[in-house]
Amino acid sequence: MLNTFRVLALGALFASAPLAAHDYRIETFSQGLEHPWSMAFLPDGRLLVTERVGRLRIVEADGRLDPEPVAGVPEGFIAAQAGLMEVALDPDYSDNRWLYLTHAQGSLEANNTRLIRARLVDGELQDLEVLFTAQPLKAGAAHYGGRIAFLADKTLVLTLGDGFDWREQAQNPANHLGKIVRLNRDGSVPQDNPLLGQQGAAPEIYSLGHRNVQGIFFDAEQGRLYSHEHGPRGGDELNLIEPGGNYGWPLATFGVDYTGARVSPYTELLGLVAPLLHWTPSVAPSSLMLYRGELFPNWRGDLFASTLAERSVRRIRLRDGMLAGEEVLFEELGERIRDVRSGPDGALYLLTDNPQGRILRVLPSE
């Protein structure tokens, strides 16, 4: 399946994908959020939204923000990129009521990404369980990953970062830095994980060689797991994830270090999985989803990646499983977009990443 794709740079994509005229309108659905990071739609029409500063909020179906944060959220490490990150509902949420959260745990000197689950009962988290904490603990407050997706068998994959100063560890199978891990929903290790039983390998690893994976989405219809990650200066990547795949960081990259120094002389190497496309200069992709709603028929089956540096959402066109062009959307907002989701109503929902964060709803033009 990997061989059906060609690595494409930004210019090549634009050559085949002229920008479409705006056929949408954007409205403010909710506001009053502080650096919102992730959202999940509850079956009753409400939304759960995380704020990086450590709060889980409830937004009513009409957009009203509950003034009281959800109680029982564990205290985490909050600094720079560290804080409360993902919220995701269990595939069987209607039956078991489990929701999942990721957050940075520890201190400035020793911290990493943690995965927990709990049940939401009357505005409070109950039955809280710690499922996984990435190892080793490291210093600093950067590169946590933190996104979640559920596969066809209902196991979950969790994205992790390289900790910034420990980039070589992304190639070390003995730890979780710069990896995507796969877990059962109770935190145990699936018995068919690709590195399970290999001497010196962490059994949770699903793929390795990542820098900071900030978006992941499982396309159940096609059976494909897509992710994207931040490069340094350039070299942001969109990848198709295969079990046991090595995605190259820092041995091969299209980016350069922030000092201007070369990270690697190679953009690809034998045995490493090349990206489907790369963004150079960097757009800083922050979340990923595939649209299958009804409100925007022309967007169905396409990937959408929100961006921080470019302050946009990238629509990545897919046709018969092949990349077919790219379009930059919502630049007119001029805002860092932390999350993009397809709502149950078929609209797109965007989270703006700033101290006065909003939820924006994208609807067809009237």
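Residues numbered from 1 in each chain as written. Predicted model: local features only at pLDDT ≥ 70, side-chain atom pairs only at ≥ 80, totals over all residues. Heavy atoms only, no water.

An account of the overall build of the protein is requested, with residue identities and associated values reported.
Assigned secondary structure in the protein consists of 2 helices and 23 strands. Out of the 366 residues in the protein, the part that is buried amounts to 57%. The contacts in the protein between residues at least 6 apart in sequence include a share of 58% that link residues at least 24 apart. Here the protein has roughly 14,500 Å² of accessible surface; of this, 48% comes from carbon and sulfur atoms. Each charge sign in the protein was given a centre, from 34 positive and 47 negative side chains, and these centres are 2 Å apart. (Helix = DSSP H or I, 4+ residues; strand = E, 2+ residues; numbered from the N terminus. Buried < 20%, exposed > 50% of the residue type's maximum accessible area, 1.4 Å probe, protein only. Contact = heavy atoms within 4.5 Å. Areas by Shrake-Rupley, 256 points an atom, 1.4 Å probe, with all protein chains shown as cover. Lys, Arg positive; Asp, Glu negative; His and termini not counted. Charge placed at Lys NZ, Arg CZ, Asp CG, Glu CD.)

Report on the confidence of the model for the protein, specifying residues and quantitative values.
With 94% of its residues at a pLDDT of at least 70, the protein reaches an overall mean of 93. Confidence over residues 1-20 falls short of pLDDT 50; this stretch has 47 contacts with residues more than four positions distant or in other chains. (pLDDT = per-residue confidence, 0-100.)

Tell me what's going on with the packing of aromatic side chains, and back it up with residues and numbers.
Under the definition given, this model contains 11 aromatic pairs. Ring geometry for phenylalanine 164 against tyrosine 258: centres 6.2 Å apart, planes inclined by 25°, an arrangement best described as stacked. With phenylalanine 164 in the loop between strand E10 (156-159) and strand E11 (179-183) and tyrosine 258 in the loop between strand E15 (236-240) and strand E16 (277-279), the pair connects residues that are 94 residues apart, well separated along the chain. Ring pairs connect the aromatic residues Tyr24, Tyr291, Phe296, Trp299, Phe304 and Phe330, which therefore count as one cluster. Of note, arginine 119 hangs over the ring of tryptophan 98, and the distance from its end group to the ring centre comes to 3.8 Å. (Phe/Tyr/Trp six-rings, centres within 6.5 Å; stacked < 30°, edge-to-face > 60°. Lys NZ or Arg CZ within 6 Å of the ring centre and 35° of its normal.)

Any chance you could break down unusual backbone geometry for me, citing the residues and the numbers?
Note that the residue after glutamine 135, namely proline 136, is joined by a cis bond; omega there is 0°. The linkage connecting tryptophan 249 with the following residue, proline 250, adopts the cis geometry, with an omega of -5°. As for its placement among the helices and strands, proline 250 is situated in the loop between E15 and E16. One non-glycine residue, aspartate 127, lies in the positive phi region at around 55°. Note that aspartate 127 resides in strand E8 (residues 124-133). A positive phi angle is found at histidine 143, which is not glycine, with a value near 65°.

Break down the nonpolar core for me, citing the residues and quoting the values.
Leu48, Leu56, Leu89, Leu99, Leu101, Leu120 and Leu125 are the most contacted members of the largest nonpolar core, which totals 17 residues. Taken together, the elements giving at least two residues each to this core come down to strand E4 (55-59), strand E5 (84-89), strand E6 (98-107) and strand E7 (110-121). Once residues within four sequence positions are removed from consideration, leucine 56 is found in contact with Leu48, Val49, Thr50, Pro69, Val70, Val73, Leu84, Val87, Leu101 and Leu125. Tyr24, Phe330, Ile337 and Val362 belong to the second-largest nonpolar core, a separate cluster that totals 15 residues. (Core = buried A, V, L, I, M, F, W, Y, C linked by side-chain atoms within 4.5 Å.)

Pulling in residues and values, what's your account of the pairing of strand E3 (residues 47-51)?
Taken across its 5 residues, E3 has 5 buried, putting it largely inside the fold. Burial along E3 is two-sided: the residues Leu47, Val49 and Glu51 and Leu48 and Thr50 are all buried. Across 5 bridges, strand E2 (residues 36-41) lies against E3 in antiparallel orientation. Considered in E3, the bridge of methionine 39 is made with valine 49. Taking the residues between adjacent antiparallel strands as the criterion, E2 and E3 are bridged by 5 residues, where glycine 45 takes a positive phi near 100°. Note: E3 against E4, 5 bridges, orientation antiparallel. The partner of valine 49 across the bridge, within E4, is arginine 57. (Pairing = 2+ DSSP bridges.)

Can you explain the pattern of salt bridges? Please cite residues and give values.
According to the stated counting rule, one finds 33 salt bridges in the structure shown. Notably, a salt bridge pairs glutamate 129 with arginine 117, separated by 3.0 Å at the nearest N-O pair. In this pair, glutamate 129 sits in strand E8 while arginine 117 sits in strand E7, placing the two residues 12 residues apart along the sequence. Judged by relative accessible area, which is 30%, glutamate 129 ranks as partly exposed. Between arginine 338 and aspartate 353 there is a salt bridge whose closest N-O contact spans 3.4 Å. Highlighted residues: arginine 338 in strand E21 (residues 337-342) and aspartate 353 in the loop between strand E22 (348-352) and strand E23 (357-364), separated in sequence by 15 residues. Residue classification places arginine 338 among the buried residues on the basis of a relative accessible area of 9%. A network of salt bridges, in which partner residues are shared, links Asp302, Arg315, Arg317, Arg319 and Glu327. (Salt bridge = Lys/Arg side-chain N within 4 Å of Asp/Glu carboxyl O.)

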